[in-house]
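Below, each chain spelled out in residue letters.
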Amino acid sequence: GDIRLLRRFADDAMKYLRPRKKPNKITVNVVGHQPDIVLKADEVENVYLPDGLHQDILAQVDGFFGGKEAYKELDIPYKRGFLFTGMPGTGKTMLIRQLIRHVYRKHRVETSYLAVTRKTDADDLRMLFGCASDKKPAMLILEDIESLCQETTLTRSEVLAELDGIKQRSGMLLIATANDPSRIDPALVHRPSRFDRVWTFPVPDLALRTRYIADHFKGIDLAFVHYVAEETEDWTLAYVKELRTTAAILAVRDGLKALDASHVRTALQLLQEQFRAGKNGHADGHKSNRKVGFGFGGRRESQVKPLAVGDRAPQEL
């Protein structure tokens, strides 16, 4: 008990002693013995999501922070809980970063984040929720909520009590994420007032992959863009991002300062093999004698026979 009290005192003391905010910087208050997160307020991160999904989430967030008086007039508790679910790499964390900047610039609202560790306890969760109040609404972030009751000291009853207990919370917009919602207690997911809205972030379809590749592989022929988009079916955008990174590393290996379609082709072959192996948990990797990787010191993968698609000028790294 004394240790917990001392931890709470230390966290409050650190908040008091925290340096003044820097212009053009957003400081996310981190609860849980980790350093605060600092973001550039004017940085732009394009989020690639279906338009309806993206617009619905933005509208819900703006409606909360811009409609406080309407909540009072309608006699609705001024608190909301949102849950983002979906495979890793589908854009949940990227959207959260965008929302942190959005609510700060538009509503002057601050964000607090719970860093979940094995030592996370009820005091940490209580401290997170204490960062929001009716007089000072805040956005609260809780990532990987499925690990909250399974990999910390928190019990199911403690989590439920903090989310929707006797004490009425106000001014709190809680956004939680989950990679595997099947691991979450149904009492959390399937009851409004704990999580009022649940959005599933899908694996990007062909149109979304095409738009992403066209934006990030500039200088590559449009026909090749469409080819890559078709060849990356079922890939998350995190995997497509790694495609460009791998292609760039291959270009550096070749002593070049630019990336062209031949590097993308080779990277595509490497990652397609990795993607197929990953579906099987990489269990069959030992059965193959094919060399996997960038081929440093071996034959040059960039000499693979070109596919019948157009090339254009190299793209700068």
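Everything below is about the structure shown above.
Quick notes on the rules
- Residues numbered from 1 in each chain as written.
- Predicted model: local features only at pLDDT ≥ 70, side-chain atom pairs only at ≥ 80, totals over all residues.
- Heavy atoms only, no water.
- Helix = DSSP H or I, 4+ residues; strand = E, 2+ residues; numbered from the N terminus.
- Pairing = 2+ DSSP bridges.
- Axes fitted to C-alpha atoms, helices over the stretch in contact; angles between N-to-C directions.
- Contact = heavy atoms within 4.5 Å.
- Parallel < 35°, antiparallel > 145°, perpendicular 65-115°, else oblique.
- Left-handed = near helix turned anticlockwise from the far one by under 90°.

A. Molecular detail of the environment of R211. Note on placement: R211 falls in helix α8 (residues 206-216). Between the C-alpha atoms of R211 and V225, which are 14 residues apart in sequence, the distance is 9.0 Å.

B. Quick peek at the sheet that holds strand β1 (residues 25-31). With mixed pairing, seven strands are arranged side by side in an open sheet as β2-β1-β4-β5-β6-β3-β7. Of all the strands in the sheet, just β2 (37-40) and β7 (197-200) have a single pairing partner and so form its edges. Across this sheet, the average inter-strand angle for adjacent strands is 20°, counted without regard to direction. Bridge analysis of strand β3 (residues 79-85) against β7 gives four bridges, and the strand direction is parallel. Directly across from F84, in β7, lies its bridge partner W199. Contacting β3, β5 (138-142), β6 (172-178) and β7, helix α2 (residues 51-65) runs over the sheet at an angle of about 155° to β7.

C. Examining the packing of α8 against helix α10 (residues 237-253) more closely. Relative to each other, α8 and α10 sit at 30°, their axes nearing to 11 Å. With respect to α10, the axis of α8 lies roughly parallel. In the packing of α8 onto α10, the handedness of the crossing is right-handed. In contact with Y212, I213 and H216 of α8, α10 contributes L237, V240, K241 and R244.

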